[in-house]
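Structural description and commentary
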Amino acid sequence: METTYKVKVWKIAVYKGVKGATYTARWTLDGREYREPFGTRALADSFRSELVSAMRRGEAFSRESGRPVSHASGASAVNWYDFAVQFADAQWLRTAGNSRKNTAKALTATTVALLRTSPTTFKPVEVRTALREFAFNTRRREEAPPEVATILKWVERNTLSLAAWEDPVKVEGVLRSVDTLLDGKRAAASSIKRTRRILNVAMEYAIKHKILRTNPLPKGRGATPKTSNAVDRRSLIHPQRMARILARIRRRTRGGRRLHAYFSTLYYTGPRPEEAVAMYVDDVTLPPEDAEDQWCDILFHTAEPEVGKNWTDDGAIHEERGLKGRADDDTRIVPGPPALTRIIREHIKAEGLKPGDRLFQGENGGILAGSVARRAWGTARKAELTEREYESPMGRRIYDIRHTRLTKWLNDGIPPAQVAYWAGNSVPVLLAFYAGCIEGQLPDLKRRMEAQGDLPELP
């Protein structure tokens, strides 16, 4: 820990704002200013007195935290890189593949920001890759090749301690670096919010293990950028466009009919893509062909998101887990209209599927690859939409098919509680996401309001 004895303590600065006054203790170490705000003058004076007493005792001050050495927590004895590896391992045991991947990305950006010096022997991209793919990947860390191990040893030697988090100026610089992309642009608000959430968990982990006393990350309004969960209605797909895209997919030479059945299930029943690929033949209840009612029932009970073989426990590309936001054994049943019944019945016959088989398989069997589905969707979308529509958000992601179906259910007047059940959402989440997409009901609502009449005329 670097220390200094060149300390100057200034008088308390007072800022009177709309919501009250803020009292800030100020001092410098070797000319570098440090600040600590307080809600009352008494607290600020008490803190300033501690600084003055330490200075008069001839006590050294830490350059990282700005505090007297006697104030130092256990943070100065813990290397950030070592802590980040420990935290990544703890998170690995309790999170799914995508969360593990996001944790590694956040820790990588933070570790680079906490390096004492920029690498000269290695390229920056090599350092980031070594951190993201090996250091913060519990399963692969021991598999790191010699050149990667050399980079990680250099990172460990050149990373600051957790005492850096006790310096508000340093914390501000780290967050600014983490929130900035490699091209110098600010990261998306959703990305910043996700990274900040992961770092908050890391700080609480440090507090739990008595490394830090308090969470140093900023709190309250303005701490993170605002994000909107509302669905962009421009992403919704018009029925005629959807029909043309599905017809184009069906005409594909390789696997067109299989993919057509998959995308039709997404459109008519609105599951998440990872829920649809996890379906088996047994999950579909088809009516007899001569039945008057040709509606089918679709059972969703499992999700298999594609997270990459480096982030799963068994090295598989997909990770099997329960439905999102639900208990492991939770299920839901969604009705499928006659059009979907006909498509799935033909699909099962054409593919020769039996109970116990996956409903939507890849070309060589097994689970349908996300890359195949995305390529088929992108090709058909480009072929069937105008250039202006293709450049727009309309159906840009496969997930937009789900948004289109849930919006249509709401616009058709199906009660939100029923739509929420079919979608696997809560009612508040459903309305928060799709309130801006509901349309077609305004004329009826106007008539209802008109029926209430105007205010009575006064004499």
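Description of the structure in this document.

Rules used throughout
- Residues numbered from 1 in each chain as written.
- Predicted model: local features only at pLDDT ≥ 70, side-chain atom pairs only at ≥ 80, totals over all residues.
- Heavy atoms only, no water.
- Helix = DSSP H or I, 4+ residues; strand = E, 2+ residues; numbered from the N terminus.
- Rg over C-alpha atoms; globule rule 2.2 N^0.38 Å.
- Buried < 20%, exposed > 50% of the residue type's maximum accessible area, 1.4 Å probe, protein only.
- Contact = heavy atoms within 4.5 Å.
- Areas by Shrake-Rupley, 256 points an atom, 1.4 Å probe, with all protein chains shown as cover.
- Lys, Arg positive; Asp, Glu negative; His and termini not counted.
- Charge placed at Lys NZ, Arg CZ, Asp CG, Glu CD.
- Polar contact = N/O pair within 3.5 Å; in protein donor to acceptor, adjacent residues only side chain to side chain.
- Axes fitted to C-alpha atoms, helices over the stretch in contact; angles between N-to-C directions.
- Parallel < 35°, antiparallel > 145°, perpendicular 65-115°, else oblique.
- Left-handed = near helix turned anticlockwise from the far one by under 90°.
- Nonpolar A, V, L, I, M, F, W, Y, C, P; charged D, E, K, R; others polar.
- Pairing = 2+ DSSP bridges.
- Expected span 1.5 Å × (residues − 1).
- Arc of directions from axis to C-beta.
- Core = buried A, V, L, I, M, F, W, Y, C linked by side-chain atoms within 4.5 Å.
- Patch = residues over 30% accessible without salt bridge, like charges linked within 9 Å, V, L, I, M, F, W, Y side chains within 5 Å.
- Salt bridge = Lys/Arg side-chain N within 4 Å of Asp/Glu carboxyl O.
- Phe/Tyr/Trp six-rings, centres within 6.5 Å; stacked < 30°, edge-to-face > 60°.
- Lys NZ or Arg CZ within 6 Å of the ring centre and 35° of its normal.

1. Re the overall build of the protein
For the protein, the helix and strand inventory stands at 17 helices and nine strands. For 459 residues, the compact-globule estimate of 2.2 N^0.38 gives 23 Å, and the C-alpha radius of gyration of the protein, at 29 Å, exceeds that figure by more than 25%. C-alpha atoms of the protein, sized along the principal axes, occupy 95 × 90 × 45 Å. The buried share of the protein, reckoned over its 459 residues, is 43%. Partitioning the contacts of the protein with sequence separation of at least 6, the portion at a separation of at least 24 is 66%. A total accessible area of about 25300 Å² is found for the protein, and carbon and sulfur atoms account for 51% of it. Each charge class in the protein was averaged separately, 76 positive and 56 negative side chains, and the resulting centres sit 7 Å apart.

2. Let's talk about the side chain of Thr269
For Thr269, the location among the structural elements is in helix H9 (residues 256-269). In this structure Thr269 comes out as buried when scored by relative accessible area, which is 0%. Within the local environment of Thr269, its side chain forms a polar contact with the backbone oxygen of Thr265, the two atoms lying 2.6 Å apart. The contact partners of Thr269, leaving out residues within four places of it in the chain, are Ile298, Phe300, Val334, Pro335, Gly336, Leu340, Arg405 and Trp409.

3. Topic: the packing of H9 against helix H11 (residues 338-351)
At their nearest, the axes of H9 and H11 sit 10 Å apart, and the two run at 150° to each other. When the axes of H9 and H11 are compared, the pair comes out roughly antiparallel. For the pair H9 and H11, the crossing hand works out as left-handed. Here Arg257, Arg258, His260, Ala261, Ser264, Thr265, Tyr268 and Thr269 of H9 come into contact with H11, specifically with Ala339, Leu340, Ile343, Ile344, His347 and Glu351. A class-by-class count of the residues in the contact of H9 with H11 yields six nonpolar, five polar and three charged.

4. A short note on the sheet that holds strand E9 (residues 332-336)
Ordered by their spatial adjacency, three strands build an open sheet running E7-E8-E9, and the pairing between neighbours is antiparallel. On the outer flanks of this sheet lie strand E7 (284-285) and E9, each paired with one strand and no other. Of the strand pairs in this sheet, E7 and strand E8 (residues 296-300) are connected by two bridges, and their pairing is antiparallel. Bridge pairing in E8 links Thr285 to Asp297. Packing of H11 onto the sheet brings it into contact with E7, E8 and E9, and relative to E9 it is tilted by some 100°.

5. Description of helix H12 (residues 370-384)
With 15 residues, H12 extends 21 Å from end C-alpha to end C-alpha; this agrees with the ideal 21 Å at 1.5 Å per step. All buried positions along H12 are accounted for by Gly370, Ala373, Ala376, Trp377, Ala380, Arg381 and Glu384. Around the axis of H12, the buried residues are gathered within 135° of arc, so they sit on the same side. Each element contacted by the buried residues of H12 is listed here: helix H8 (239-250), H9, helix H13 (387-391) and helix H14 (399-411).

6. Some remarks on the pairing of E8
Of the two faces of E8, only the one carrying Cys296, Ile298 and Phe300 is buried; Asp297 and Leu299 on the other face are not. Sheet analysis places E8 next to E9, joined by five bridges and oriented antiparallel. Of the residues in E9, the one forming a bridge with Leu299 is Ile333.

7. Overview of the nonpolar core
Ranked by size, the top nonpolar core spans 49 residues in total, and within it Tyr262, Phe263, Leu359, Trp377 and Ile401 carry the most contacts. Mapped by element, the contributors of at least two residues to this core are H8, H9, E8, H11, H12, H14, helix H15 (416-423) and helix H16 (427-434). At six residues, H9 tops the list of elements feeding residues into this core. Not counting the four nearest positions on each side in its chain, Ile401 is found in contact with Ile237, Met242, Phe263, Leu266, Tyr267 and Trp377. Core analysis: the next-biggest nonpolar cluster, separate from the first, contains 47 residues, Phe134, Ala135, Leu162 and Ala202 among them.

8. Description of a positive patch on the surface
Side chains of Lys105, Lys193, Arg194 and Arg197 sit close together on the surface and give a patch of like positive charge. Looking at which element gives the most residues to the positive patch, the answer is helix H7 (residues 189-208), with three residues.

9. Quick look at the packing of aromatic side chains
Applying the stated rule across the entire model yields 17 aromatic pairs. Taking the centre distance of 5.2 Å and the plane angle of 70° together, the rings of Tyr267 and Tyr268 count as edge-to-face. For Tyr267, a relative accessible area of 9% gives the class buried. Overall, Tyr268 belongs to the partly exposed group, its relative accessible area being 22%. Each member of the aromatic cluster is reached from another via a ring pair, and the members are Trp80, Phe83, Phe87, Trp165 and Tyr205. The side chain of Arg100 reaches across the aromatic face of Trp92, ending 4.1 Å from its centre. Over the aromatic face of Phe134 sits the side chain of Arg140, whose NZ or CZ is 4.3 Å from the ring centroid.

10. So, the pairing of strand E5 (residues 32-38)
In this sheet, E5 lies alongside strand E4 (residues 20-29) in antiparallel orientation, the contact comprising seven bridges. Each residue of the ladder has a partner; that of Arg26, found in E5, is Arg35. Linkage of E4 to E5, two consecutive antiparallel strands, is achieved through a turn of two residues, within which Asp30 is found at a positive phi near 55°.

11. Remarks on the pattern of salt bridges
Here the structure, examined in full by the defined rule, presents 27 salt bridges. A salt bridge links Arg248 to Glu384; the shortest N-O distance between them is 2.8 Å. Of this pair, Arg248 sits in helix H8 while Glu384 is found in helix H12, placing the two residues 136 residues apart along the sequence. A salt bridge links Glu363 to Arg254; the nearest nitrogen and oxygen atoms lie 2.5 Å apart. On the criterion of sequence distance, the pair formed by Glu363 in the loop between H11 and H12 and Arg254 in the loop between H8 and H9 is long-range, its members being 109 residues apart. Several salt bridges share partner residues, and in doing so they unite Arg244, Arg248, Arg251 and Glu384 into one network.

Any functional reading would require information that these geometric values do not contain.
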